[in-house]
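Understanding the architecture of this molecule
Listed below, chain by chain, are the residues.
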Amino acid sequence: MKELSRRRFLAVSAATAAAVSAGPAMAKVGKSRNLKMRNLHTGERLNTAYWADGDYDSSGLKQFNRLLRDHRANEVTRMDPKLFDIVYKLKEKLNYNGEIEIISGYRSPKTNAKLRAAGRGVARRSYHTRGMALDIRMPGVSLSKLRQAAINLKAGGVGYYPKSNFVHVDTGPVRRW
């Protein structure tokens, strides 16, 4: 009886340590992860789970892919699900329950080239063209606070654009500008 109790204690301790090290936003594996987003270019809104029952939810991901499409070319791509994890962690870290405004999601290579040629400050090899970047803001949260929270995650690239009123997040290497 004593041995069983000790084993149970060790198992629970190991599971707790793993959950804590994963961070507060990801501690509950089975917990549903919902995001509320609004695409500012199309006016479309989405409030749904991208994660449910311990895994990415394919139906939710498809809906987010559609919301984040290249609105100029009406092209949809598969967005990197880790991008949604970053946004979810930011939402949790900042205790934000409002709608996340999307300035830019996916951009087709053709759209990216047009914007670059027009001098819009667009990177030649933008992570937007790979479905790995979002330009966002959270109304009511200062841009500098959002930027700092994104930097603290150390989860990818973070760009700060105060004149254009957005923060860029991507799933590429950790860097900032």
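Residues numbered from 1 in each chain as written. Predicted model: local features only at pLDDT ≥ 70, side-chain atom pairs only at ≥ 80, totals over all residues. Heavy atoms only, no water.

Test applied: UniProt positions are given in the numbering used here, feature names are shortened, and annotations may be inferred rather than shown by experiment.
An unreviewed UniProt entry annotates the protein as Murein endopeptidase K originating from Microbulbifer elongatus. Taken from UniProt, the Cofactor (unreviewed entry) comment for the protein reads in full: "Zn(2+)". In its Pathway (unreviewed entry) section, UniProt records this for the protein: "Cell wall biogenesis; cell wall polysaccharide biosynthesis."

1. A short note on the confidence of the model for the protein
Worth spelling out the cut-off: pLDDT is defined as a per-residue confidence score from the predictor, taking values between 0 and 100. Any two residues whose heavy atoms approach within 4.5 Å are treated as being in contact.
In the predicted model, the protein carries a mean pLDDT of 88, and the fraction of residues at 70 or more is 83%. Within the model, the stretch residues 14-28 combines pLDDT values under 50 with 10 contacts to residues more than four positions away or in other chains.

2. Here's the deal with the packing of aromatic side chains
Let me state the cut-off plainly: Centres within 6.5 Å make a pair out of two Phe, Tyr or Trp rings, where for Trp the six-membered ring is used; the pair is then stacked when the planes are under 30 degrees apart, edge-to-face when over 60, and tilted otherwise. Numbered from the N terminus, helices here are DSSP runs of H or I no shorter than four residues, and strands are runs of E no shorter than two. Relative accessibility decides the category of a residue: with a 1.4 Å probe and only protein chains considered, values under 20% of the type maximum give buried, values over 50% give exposed, and everything between is partly exposed. Criterion for a charge above a ring: Lys NZ or Arg CZ within 6 Å of the ring centre, and within 35 degrees of the ring normal.
This model, assessed by the stated rule, comprises six aromatic pairs. A centroid spacing of 5.8 Å and a plane angle of 40° characterise the contact between Tyr50 and Phe84, whose relative ring orientation is tilted. Pair noted here: Tyr50 is in strand S2 (residues 45-52) and Phe84 is in helix H3 (residues 81-93), with a separation of 34 residues, a long-range link. Using a relative accessible area of 0% as the deciding quantity, one classes Phe84 as buried. The structure contains a cluster of three or more aromatic residues connected by ring pairs, namely Tyr50, Trp51, Tyr56, Phe64, Phe84 and Tyr88. Cation over ring: Arg33 sits above Trp51, and NZ or CZ is 3.8 Å from the ring centre. Cation over ring: Arg147 sits above Tyr160, and NZ or CZ is 4.9 Å from the ring centre.

3. Describing the packing of H3 against helix H5 (residues 143-153)
To keep things clear, this is the line we draw: Only the stretch in contact is used when fitting a helix axis, every axis being a line fitted to C-alpha atoms; angles between N-to-C directions are given from 0 to 180 degrees. Orientation is classified from the angle alone, with under 35 degrees giving roughly parallel, over 145 giving roughly antiparallel, 65 to 115 giving roughly perpendicular, and any other angle giving oblique. Rotating anticlockwise by less than a right angle from the far helix to the near helix defines a left-handed crossing, while the corresponding clockwise rotation defines a right-handed one. In this classification, the charged set is Asp, Glu, Lys and Arg, the nonpolar set is Ala, Val, Leu, Ile, Met, Phe, Trp, Tyr, Cys and Pro, and all remaining amino acids, among them Gly, are polar.
Closest axis-to-axis distance for the H3/H5 pair is 10 Å, and the angle between their directions is 120°. In this view, H3 runs oblique relative to H5, as classed from their interaxial angle. Handedness of the H3/H5 crossing: right-handed. Residues Ile86, Lys89, Leu90 and Lys93 of H3 pack against Leu146, Ala149, Ala150, Asn152 and Leu153 of H5. Its residues assigned to classes, the contact of H3 with H5 comprises six nonpolar, one polar and two charged.

4. Focus on the pairing of strand S5 (residues 133-137)
Worth spelling out the cut-off: Strand pairing is assigned whenever DSSP detects at least two bridges linking the two strands.
With five of five residues buried, S5 lies mostly within the body of the structure. The alternating pattern of S5 places Ala133, Asp135 and Arg137 on one face and Leu134 and Ile136 on the opposite face, and all of these are buried. Taken together, the three bridges between strand S4 (residues 100-104) and S5 define a ladder with antiparallel strand orientation. Its bridge partner being in S5, Glu101 is matched across the sheet by Arg137. Across four bridges, S5 lies against strand S7 (residues 166-170) in antiparallel orientation. Note that in S7 the partner of Leu134 across the bridge is Val169.

5. Overview of the nonpolar core
Stated formally: To define a nonpolar core, start from buried Ala, Val, Leu, Ile, Met, Phe, Trp, Tyr and Cys residues and group those joined through side-chain atoms within 4.5 Å.
Membership of the largest hydrophobic core comes to 33 residues, with the highest contact counts inside it found for Leu35, Met37, Phe84, Leu90, Ile100, Leu134 and Val169. When contributions to this core are tallied by element, the ones reaching two or more residues are strand S1 (33-39), S2, helix H2 (58-67), H3, S4, S5, H5 and S7.

6. Some remarks on the environment of Leu67
Topologically, Leu67 is positioned in helix H2. Exposure remark for Leu67: the relative accessible area of 3% places this residue in the buried category. For the pair Leu67 and Arg38, spaced 29 residues apart in sequence, the C-alpha to C-alpha distance is 8.0 Å. Those residues within four positions of Leu67 in sequence are excluded, and the remaining contacts are Met37, Asn39, Glu44, Arg45 and Leu46.

7. As for the pattern of salt bridges
Close approach of charged atoms lets side chains of opposite charge pair. Rules: A carboxyl oxygen of Asp or Glu within 4 Å of a side-chain nitrogen of Lys or Arg is what we treat as a salt bridge.
Taken as a whole and judged by the stated rule, the model has nine salt bridges. Measuring nitrogen to oxygen at the nearest pair gives 3.9 Å for the salt bridge that ties Lys31 to Glu92. Taken as a pair, Lys31 in the loop between helix H1 (2-21) and S1 and Glu92 in helix H3 lie far apart in primary sequence, 61 residues in all. By relative accessible area, which is 33% here, Lys31 ends up partly exposed. Glu92 sits in the partly exposed class, given a relative accessible area of 31%. For Arg38, the salt bridge is made with Glu101, and the minimal N-O distance between the two is 2.8 Å. On the criterion of sequence distance, the pair formed by Arg38 in strand S1 and Glu101 in strand S4 is long-range, its members being 63 residues apart. For Glu101, a relative accessible area of 10% translates into the label buried. Taken together, the salt bridges that share partners define one network made up of Arg38, Arg45, Glu99, Glu101 and Arg137.

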